[in-house]
Each structure stands twice: as C-alpha cells, then as structure tokens.
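Here is what each chain is made of, one letter per residue.
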Amino acid sequence: MQLRITPPVEESPMAQPEKNPAAMASVKSCAATDCAHNEDRSCTASQVTVVLEAGRPSCGTYEPSAPSARP
C-alpha cells in the first residue's frame, strides 16, 4: 500500500473574508424599516458598507427615508 501525501488545497480568498475585505456577502434581512433602501425588510441598495460604531458593526449605507407628504 502506497500512501500519498498532498499539500492542503489553498482556499479561495473569497472563502476567507477576513483576508479579503472586498469579499461579497448578501443581506438576509434588515430591521431598519425607516431606511430609504429598506423594502419589506429587504435591502435594495446595490452595495452595502459595514462600518464599526463603538466597536460594533453597523450599516454605513443607512439613509433615513424622506417623510411622507401629508395629503
């Protein structure tokens, strides 16, 4: 019996977001219902930026929706 040892397969940088800050992810749902990009708890922004606020991740794409005009 012959044993073959192969080096580990290098993972794609996209599989390691901590090593690739530009890695893409998707937003599953959004609780910021007053955001202009929120439609039925789904984000409609073409890109989302995550920022740190007080050491916690937060949405840097958040944009307050314009108040509705009164009839």
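What counts and how
- Each chain has its residues counted from 1, following the order in which its sequence is written.
- Local features in a predicted model are, by the rule used here, given only for residues with pLDDT of at least 70; side-chain atom pairs are given and counted only at 80 or more, and totals for whole chains, interfaces and linings are based on all residues.
- Hydrogens and water are ignored here; the side-chain numbers use all heavy atoms of the structure.
- Two strands are said to pair when DSSP picks up at least two bridges between them.
- Working definition: helices are DSSP H or I runs of at least four residues, strands are E runs of at least two. Numbering for both runs from the N terminus.
- Type-normalised accessible area, obtained with a 1.4 Å probe on protein chains alone, sets the label of each residue: buried when under 20%, exposed when over 50%, and partly exposed for intermediate values.
- Contacts are assigned to residue pairs that have any heavy atoms within 4.5 Å of one another.
- Identification of polar contacts relies on pairs of N or O atoms within 3.5 Å, with a donor-acceptor requirement for protein atoms, meaning one able to donate a hydrogen and the other able to accept it, and with residues adjacent in sequence counted only if both atoms are side-chain atoms.
- Along the chain, pLDDT gives the predictor's confidence residue by residue, from 0 to 100.

(A) The arrangement of the pairing of strand β3 (residues 50–53) in detail. Where β3 meets strand β4 (residues 56–59), 4 bridges bridge the pair, whose relative direction is antiparallel. If you follow V51 over to β4, its bridge partner there is S58. The hairpin formed by β3 and β4 contains 2 residues between the paired strands, and A54 there has a positive phi angle of roughly 55°.

(B) Molecular detail of the environment of P57. Tracing the backbone through its elements, the reader meets P57 in strand β4. On the accessibility criterion, P57 (63% relative accessible area) is exposed. Ignoring anything within four residues of it in the chain, the contact list for P57 reads V50, V51 and L52.

(C) Looking closely at unusual backbone geometry. With a phi close to 55°, D40 is a non-glycine residue in the positive phi region. D40 gets classed as exposed once you look at its relative accessible area, which sits at 75%. Even without glycine at this site, A54 takes up a positive phi of about 55°. Relative to the helices and strands, A54 resides in the loop between β3 and β4.

(D) Layout of the environment of V27. Tracing the sequence through the fold places V27 in the segment before β1 (38–39). Along the sequence, V27 and A45 sit 18 residues apart, while their C-alpha atoms lie 9.9 Å from each other. If sequence neighbours within four positions are ignored, V27 has contacts with C43 and V48.

(E) Seen up close, the side chain of T61. Its location among the elements puts T61 in the segment after β4. Of note is the side chain of T61, whose polar atom sits 2.7 Å from the backbone nitrogen of T49. Contact partners of T61, with chain neighbours within four places excluded, come to H37, A45, Q47, V48 and T49.

(F) Structural view of the confidence of the model for the protein. Confidence in the prediction for the protein averages 75 pLDDT; 61% of positions are at 70 or higher. Across residues 1–5, confidence stays below pLDDT 50; counting only partners more than four residues off in sequence or on other chains, it has 0 contacts.

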